[in-house]
Each structure stands twice: as C-alpha cells, then as structure tokens.
Amino acid sequence: MIRIGLIGKTNTGKTTFFNAATLLSAEISTYPFTTKQPNIGVAYVQTLCVCKEFRVKDNPKNSVCINGWRFIPIELIDLPGLIKGAYLGRGLGNQFLTVAMQADALLHVVDVSGSIDAEGRICEPGLGNPIADFYEVEYELVQWYKRVLKMNSNKIERMVKSGRYDIVEALYSTLSGMKVTKNHIIESLQASEIEDKPIWSWTEQDYEKMALELRIRSKPTLIVANKMDLGPAEENFEKLIEEFGRQFVVPCSAEAELALRRAEKSGLIEYTPGTEIFKVINEEKLTPKQKWALEYVQKRVMGRIFRTGVQQALNTTVFKLLEMSVIYPVEDPVKLSDKHGNILPDAFLMPPKSTVLDLAREIHSDLAKGFIYAIDVRSGIRLPKDYILRDRDVISIVSASKKKK
Ligand SMILES: Nc1nc2c(ncn2[C@@H]2O[C@H](COP(=O)(O)OP(=O)(O)O)[C@@H](O)[C@H]2O)c(=O)[nH]1
Ligand SMILES: [Mg+2]
C-alpha cells in the first residue's frame, strides 16, 4: 500500500490532519512532543468512480464508493514534530526520520497562520514564519540523507573496490530501504556531477549536493498550508506560493475537516470528504457550540478556500506527485464483477508505466504466471502483457491458472 508521511514542526496540525483523514483519535494537544511515536492509520484518496460511466451499482470490496466517488485506501503516518538536530538524534529524531524514510511521499505541514514560534510553541498568530519553519525541517531531512551516505561510505567503497558492484548498485544496497530507486541514484549522481568521481574522493560539498538531489527525487513532497482559517494566513499563503509554486502548496484547515467528519459521523450533517458543501440535517439538533463551529467552518474555510484541503492534499500527492493511476480489475468482463458477483469490487493504485502484467502480479502471483491476455473492458479489445495501463482502465485478466479453478 502507498505510504504517505506527515512531517513538520510541532503544533502545525499534523495529528489533527491525521485524525481527520483517518478518523481515529490520537491525542491532540498544544504541548510539544505529545505524539511520542509515529501513528499509522488508513486514509483514502478520492477519484471519480467508473460506476456512473458504466451505469452500474457497484459493491466495492477493497475500497469505498460514496455518491460516485471512489475512496481508495492508503497508509498515513503521523510523525512527531521534527526539532533542530533531529538528524543527530535529538528528540528521538533517529527513529522518526527512519520511519519518514519508509514513506513514498511526504506531506509537509506548516502553520500558515504563523501561530507557532521557531520552537513550535503556540504564539500570537502572525508572529511565526512558515517559510523559515519549512526550511528548518527540510534541512533535517537532507542532513539525514547525508548522514546515511557518510555512515555507509566505507562499506560502499569496499563494495566498489571489490569489482563486483558499480557505484549505483553499491549505493542502492544502502539506500533502497529509504525508497530510493536506482534511477534516483543515477539522476542524483549526474545532477551532482560526481558520476565519474569515486566515493572515496567525494568532498563535503559532494555529499551535501548528493543528499539534496536524493531527497528531492525519492520523496515527492506537498506543502500543506494549514490553519488557513486563522487571521494572517492569506498573506503567508501568497508568500508560500511565490516561494514554492502553486502546484506544491495546498491551502488547508485540518481542524475544519475534523469537525466536519465528526459531525457527519454523528449524523448531524451530510458531507462527502473532498467536496465543497456540507448540509445540516436537522438545524434543531445542533447545540449552540456545534452551530457556531459549523458556521465558522462555512465562513472561514468553505467561504475562503472552498474545501478544507485535507482530501485535496492526499489526492494531489498520490495522483499528481506520484502520478498513480486507478485501475479496476474485474473477473467477468460482461458483469464487471468478481467471482462472487460483486460489481467493480476493487480499485488499485498503480505507479506510472505499469503494465497489465504488473497488475496481474499485484492481484496474485499465480495470475501473472498463467497470464494469457487481458481485456480492456471498455472497448472489448485484447491487450498484450506489456500494455501500459491508463487511469480508470477496467481490466479483465485471462490466465491459465484462473481457468483451472
Ligand atoms: N485554527 C486552527 N487550528 C488548528 C488547525 N489544525 C490544527 N490546529 C490546532 O493546532 C494545535 C496543534 O495541533 P496538532 O494536530 O496537535 O499539531 P502537531 O503537533 O503538528 O501534531 C491544536 O491546538 C489544534 O487544534 C486548523 O486548521 N485551524
Ligand atoms: Mg502531533
């Protein structure tokens, strides 16, 4: 399953975001270091389901369909705030960074309202500096890569000198646990202009550059500009966009999303995460406090940034940064069902350039072994095993191993 890690300073709203996205309740508080260890939960990315296009009523199994929106599970990790010197182990930095490295992508949560100080303590809104906060946490990440490279440089040197590994393979053996691919390594060596320089001659700057290039490539990152509902957020938001580009910053109010999902769960409102509206079911059932909270969300969040941003952040990370496609495998290409008759039972997230054979492998290794051909259900056309999947493909795989059953 795809894994997304939440990073950022203390009190930026990571746990609130996590709770909203997973609707589990981990502890929320304004004291530094409340989250002593990473929380792992299941969140969902949202895509327009193909059920409407095929005019069927679906029975999803591995995912959920709500009002024509398919919600596909991913793993979300809530990490404790990274403090200065985390890469040297301060504040349990070692453990947290090790866990962060297992993520496919990162959501970097900043307090766009500027209501935390440099140490992550709550302060008067506007006094904090989200751009500086961002760079401080980034620094810790890059230094972590550098540290891993340096700590393993002797081992890598020995591997290369043995003649049995080239530098790419030797680096890969150390970095693959951090979800670094061989391509990331090749590109980073080139970008650092050290592809022909033996590791025992790397300078401090070479390590620094290589660490940065690996960080950029191996952990696509979206900035979550959280607490958009508070006073001076808009000004800081503009600054973030100027600094990092519009496509890498999502305006957000994690607290608003948490309020809406809880209200929805208690039957007070109708709300589909990721959409722009919510509807109060029965005005009279609301306590004055609930009424105030919902009015606040309407005015300060939906009225300003249209959605709470929690679902958008997850969607953008998976579909835009990781470029995942959603594929619907079915056993019966006519009924669009599995062998139990469930219509459009599964939706799989597949990385770019995946083939139908990759899909078969993802479903079951036997299915791949006995692979004969696949059918593009939309057109009825037979597909070879190296056909590259496209987003929203509905695919039926014909396999020798399946026929035997
Ligand atoms: N106004 C506002 N406050 C928020 C928002 N998200 C989180 N907070 C508050 O910020 C504080 C820190 O939140 P928390 O999730 O514990 O931060 P973490 O340390 O990054 O996990 C809490 O008081 C939250 O209620 C938001 O979108 N808007
Ligand atoms: Mg937290």
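Here we summarise the structure given alongside this text. The written sequence of each chain sets the order in which its residues are numbered from 1. Whichever chain is written first is A, and whichever ligand is written first is 1; the rest continue in order. This being a predicted model, a pLDDT of at least 70 is required before a residue's local features are given, and a value of 80 or more before pairs of side-chain atoms are given or counted; all residues contribute to the totals for chains, interfaces and linings. Excluding hydrogens and water, the side-chain values take into account all heavy atoms of the structure.

### Brief notes about the site of ligand 1
Reasoning step 1: The immediate surroundings of ligand 1 are formed by 18 residues, with Asn11, Lys14, Thr16, Asp229 and Glu255 found nearest.
Reasoning step 2: In protein, a polar contact means a hydrogen-donor-capable atom and an acceptor-capable atom, both N or O and within 3.5 Å, with residues adjacent in sequence counting only if both atoms are side-chain atoms; elsewhere, any N or O pair within 3.5 Å suffices. At 2.5 Å from an oxygen atom of ligand 1 is found a side-chain nitrogen or oxygen belonging to threonine 16.
Reasoning step 3: Computed on the free molecule, ligand 1 has an accessible area of 580 Å², of which 89% lies beneath the protein chains in the complex.
Reasoning step 4: Note on conventions: DSSP H or I runs of at least 4 residues are helices, E runs of at least 2 residues are strands, and numbering of each starts at the N terminus. When residues in the shell around ligand 1 are grouped by element, the largest group, three residues, is from helix H1 (residues 14-22). Working definition: residue near molecule or strand if any one of its non-hydrogen atoms lies within 4 Å of it. For the accessible areas, the method is Shrake-Rupley and the probe is 1.4 Å, while residue cover comes only from the protein chains on display.

### Digging into helix H11 (residues 310-321)
Reasoning step 1: For a helix, the expected span equals 1.5 Å multiplied by the number of residues minus one. Taking 1.5 Å of rise per residue, 12 residues should cover 16 Å, and H11 covers 16 Å from first to last C-alpha, within 8% of that figure.
Reasoning step 2: For every residue, the accessible area (1.4 Å probe, protein chains only) is compared with the maximum for its type, and the residue is labelled buried under 20%, exposed over 50%, or partly exposed between those bounds. In terms of burial, H11 is largely enclosed, as 10 of its 12 residues are buried.
Reasoning step 3: Residues of H11 that are buried: Val310, Gln311, Gln312, Ala313, Leu314, Asn315, Thr316, Thr317, Val318 and Leu321.
Reasoning step 4: Directly beyond the C-terminal end of H11, a positive phi value near 55° is found at glutamate 323.

### Overview of the packing of helix H5 (residues 167-175) against helix H6 (residues 182-191)
Reasoning step 1: Between H5 and H6, the least distance of the axes is 9 Å, while the angle of their chain directions is 120°. As judged from the angle between their axes, H5 and H6 are oblique. Along this stretch, H5 crosses H6, giving a crossing that reads as right-handed. For the pair formed by H5 and H6, the contact residues are Ile167, Val168, Glu169, Leu171, Tyr172 and Leu175 on the first element and Lys182, Ile185, Ile186 and Leu189 on the second.
Reasoning step 2: Basically, the charged four are Asp, Glu, Lys and Arg, the nonpolar ten are Ala, Val, Leu, Ile, Met, Phe, Trp, Tyr, Cys and Pro, and anything else, Gly included, counts as polar. The class makeup of the residues in the contact of H5 with H6 is eight nonpolar, no polar and two charged. In this analysis, axes come from line fits to C-alpha atoms, helices being fitted only over the stretch in contact, and the angle between any two N-to-C directions falls in the range 0 to 180 degrees. Relative orientations are named as follows: roughly parallel for angles under 35 degrees, roughly antiparallel for angles over 145 degrees, roughly perpendicular for angles from 65 to 115 degrees, and oblique for any other angle. If you view the pair so one helix is near and one far, a crossing is left-handed when the near helix is turned anticlockwise from the far one by less than a right angle, and right-handed when it is turned clockwise. Contact definition: two residues touch when any of their heavy atoms are within 4.5 Å.

### Quick word on the sheet that holds strand E11 (residues 348-350)
Reasoning step 1: Paired strands are those between which DSSP finds at least two bridges. Strand order in the open sheet formed by five strands is E11-E10-E14-E12-E13, with mixed pairing between adjacent strands. Edge positions in the sheet fall to E11 and strand E13 (381-383), since each has one partner strand and no second. Neighbouring strand axes in the sheet, compared pairwise and without regard to direction, differ in orientation by 40° on average.
Reasoning step 2: One ladder, built from two bridges, connects strand E10 (residues 325-329) with strand E14 (residues 394-399); its direction is parallel. Paired with tyrosine 328 across the strands is valine 394, a residue of E14.

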